[in-house]
Amino acid sequence: MAVEGPSLSAVAARLPNPEINLAAFGGIVYPLALIIEAPIIMLLSASTALSRDWDSYRKLKRFMMVMGALLTVLHILVAFTPLYDLVVVRLISPPEEVVEPARIGMMIMIPWSWAIGYRRFKQGVLIRFGHSRAVGLGTFVRLAADGIVLAAGYLIGTVPGVVVAAAALSLGVMSEAAFAGIRAHRVIHDELQAAPPVETPVTLSSFVDFYTPLALTSLIRLLAEPLSSAALSRMPRVLDSLAVWSMVTGFLFLLRSVGMAYNEVVIALLDEPGSSPTLRRFMVILAVVVTALLLLVTATPLSMGYFDRIGGLRAELARFSSRGLWVALLMPAIEVVQSWFQGLLVFSRRTRAVTEAVAIYLVIAGAILFGGVLLGQVAGLYVGLAAVTMGRLMQTLWLWHRSRGAKERVDRRDNGPIALQTADTCAS
């Protein structure tokens, strides 16, 4: 899925008025779509953790449908009413030439929130019952749909980049949601319905206690997206920073995505006795690998080659983007470590600590962005990347602090007599 963002930006960069349309999509449309869908985005973790029997599944499905409808209505209000002027023109305050292209992009993205919620809910079921490979296949379906729209837009050559990118993203996520639903149908019928009822059924109060911190977590975390756009709009090199923001963060997401996926792996596999040492070793290896890969690209001409030849940016913007990677060098590794600690907390159902950590992230990132606006001397791209990197570092440190109890309990389980007996049995 991480390939999607750079692909959208690369095509938009080759269509008319690239800076304006890249800024409209990456600086306005995508951040706003993310913040609207925030309450439903953590359904993947919730479904992975809670879809253990038929009763729990039905309750989660009911929540997904209601929340998806409400968020879709909210998206329509933002796209088609004066609420758009309040949010975009007054609060974010981008360059004037970006405002109307972004409005069109928001209109095209209406199916986004409901499709995201449905997809992540069904994918959680697939992961819970050991069919995670189907999640990867769904990504290929999504990319294929993206590719059809992007190819058509590129060949026509006159459609604005923000329209092409928004249409590709909408069709892609709807296609992936449909595939996830089809693929999960047999799993639900053959495995989930036959699963024994859980000892502690999911009730409204228990689900609210479990999911509310997760929803607040995503909401607070994604608030940083429009906050970054608003800050970049008030710092030097406004249009350049907004234009390349999605290109640079999209490239970083290529490496961050493996760490993000690791979160669901931790939640699902910590059920297995004796699993924590292996998961912890894998975390260290993964963090070293993604850092080495990013350093290799950043310190060599590979970064210029990516932003210039693949991304389609003109040489000056490609150099601007390449220098930004140094600021975010540790970001992919931080994502991996963060997923380990967050997975421990979600597995232990101590999700309030996750919300606390994201609040710390928003405060730190917001403070750095505010300082950049006051200083007014550093390009917005560099300040934004520094804000995200330092905010995530502080978030991870808090997750480490709050997950120590959960880690001790898992370690006692895995180092206790049952784990040793299991290991002896496997060895024999």
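Preceding block: the structure.
So, how was this worked out
- Residues numbered from 1 in each chain as written.
- Predicted model: local features only at pLDDT ≥ 70, side-chain atom pairs only at ≥ 80, totals over all residues.
- Heavy atoms only, no water.
- Axes fitted to C-alpha atoms, helices over the stretch in contact; angles between N-to-C directions.
- Helix = DSSP H or I, 4+ residues; strand = E, 2+ residues; numbered from the N terminus.
- Parallel < 35°, antiparallel > 145°, perpendicular 65-115°, else oblique.
- Left-handed = near helix turned anticlockwise from the far one by under 90°.
- Contact = heavy atoms within 4.5 Å.
- Nonpolar A, V, L, I, M, F, W, Y, C, P; charged D, E, K, R; others polar.
- Buried < 20%, exposed > 50% of the residue type's maximum accessible area, 1.4 Å probe, protein only.
- Polar contact = N/O pair within 3.5 Å; in protein donor to acceptor, adjacent residues only side chain to side chain.
- Expected span 1.5 Å × (residues − 1).
- Salt bridge = Lys/Arg side-chain N within 4 Å of Asp/Glu carboxyl O.
- Phe/Tyr/Trp six-rings, centres within 6.5 Å; stacked < 30°, edge-to-face > 60°.
- Lys NZ or Arg CZ within 6 Å of the ring centre and 35° of its normal.

1. Structural notes on the packing of helix α2 (residues 18-41) against helix α7 (residues 112-128)
- As a packed pair, α2 and α7 sit with axes 9 Å apart at the nearest point and diverge in direction by 45°. When the axis of α2 is compared with that of α7, the two are oblique. Here the hand of the crossing between α2 and α7 comes out right-handed. Packed against α2, whose contacting residues are Tyr 30, Ala 33, Leu 34, Ile 36, Glu 37, Ile 40 and Ile 41, the element α7 presents Trp 112, Ser 113, Ile 116, Gly 117 and Arg 120 at the interface.
- In the contact of α2 with α7, the residues fall into eight nonpolar, two polar and two charged.

2. Regarding helix α14 (residues 315-327)
- Those residues of α14 not exposed but buried are Leu 317, Ala 318, Phe 320, Ser 321, Ser 322, Gly 324 and Leu 325.
- Contact partners of the buried residues in α14: α2, α11 (238-269), α12 (276-298), α13 (302-310) and α17 (380-402).

3. A closer look at unusual backbone geometry
- Unlike most non-glycine residues, Ser 93 shows phi in positive territory, near 55°.
- With respect to the secondary-structure elements, Ser 93 resides in the loop between α5 (83-92) and α6 (96-108).

4. Describing the packing of α2 against helix α4 (residues 54-80)
- Running from N to C, α2 and α4 point in directions that differ by 160°, and their axes come no closer than 9 Å. Of the possible angle classes, the one that applies to α2 and α4 is roughly antiparallel. The way α2 lies across α4 gives a crossing that is right-handed. For the pair formed by α2 and α4, the contact residues are Ala 33, Ile 36, Glu 37, Pro 39 and Ile 40 on the first element and Met 64, Met 67, Gly 68, Leu 71, Leu 74, His 75 and Val 78 on the second.
- Here the residues of the contact of α2 with α4 sort into nine nonpolar, two polar and one charged.

5. Notes on the side chain of Ser 246
- In this structure, Ser 246 sits in helix α11.
- Of the polar contacts made by the side chain of Ser 246, one reaches the side chain of Ser 9; its length is 3.4 Å.
- Residues contacting Ser 246, with those up to four places away along its chain left out, are Ser 9, Leu 22 and Gly 26.

6. Focus: the environment of Ile 35
- Among the secondary structure elements, Ile 35 is positioned in helix α2.
- Residues Ile 35 and Leu 254, 219 residues apart in the sequence, show an inter-C-alpha distance of 21 Å.
- Beyond its immediate chain neighbours, meaning those up to four positions away, Ile 35 contacts Leu 219, Leu 222, Leu 223 and Pro 226.

7. Quick look at helix α8 (residues 132-156)
- If you check α8, its first and last C-alpha atoms are 37 Å apart, about what 25 residues at 1.5 Å a residue would give, namely 36 Å.
- Among the residues of α8, Ala 134, Val 135, Gly 138, Thr 139, Arg 142, Ala 145, Asp 146, Val 149, Leu 150 and Gly 153 are the ones counted as buried.
- On its buried face, α8 is in contact with α1 (4-12), α7 and α9 (161-192).
- One or two steps after α8, the chain reaches Gly 157, where phi turns positive at roughly 80°.

8. A short note on the pattern of salt bridges
- Per the counting criterion, the structure on display carries 21 salt bridges.
- For Lys 59, the salt bridge goes to Asp 55, with nearest N and O atoms at 3.0 Å. Taken together, the residues span about one helical turn, with Lys 59 and Asp 55 both in helix α4 at a distance of four residues.
- On the accessibility criterion, Asp 55 (26% relative accessible area) is partly exposed.
- Linking Arg 352 and Glu 356 is a salt bridge whose minimum nitrogen-to-oxygen distance equals 3.5 Å. Placement of the pair is Arg 352 and Glu 356 together in helix α16 (residues 352-375), with a separation of four residues, close to one helical turn.
- Overall, Arg 352 belongs to the exposed group, its relative accessible area being 60%.
- One network of salt bridges, with partners in common, ties together Glu 19, Arg 237, Asp 240, Arg 314 and Glu 316.

9. Some thoughts on the packing of aromatic side chains
- Tallied over the full model, the rule gives 13 aromatic pairs.
- Here Phe 251 and Phe 307 contribute two aromatic rings whose centre-to-centre distance is 6.1 Å and whose plane-to-plane angle is 65°, an arrangement assigned as edge-to-face. Of this pair, Phe 251 sits in helix α11 while Phe 307 sits in helix α13, and the two are 56 residues apart along the sequence.
- Three or more aromatic residues joined by ring pairs form one cluster here, namely Phe 25, Tyr 30 and Trp 112.
- Its end group placed over the ring of Phe 320, Arg 237 keeps NZ or CZ at 3.9 Å from the ring centre.

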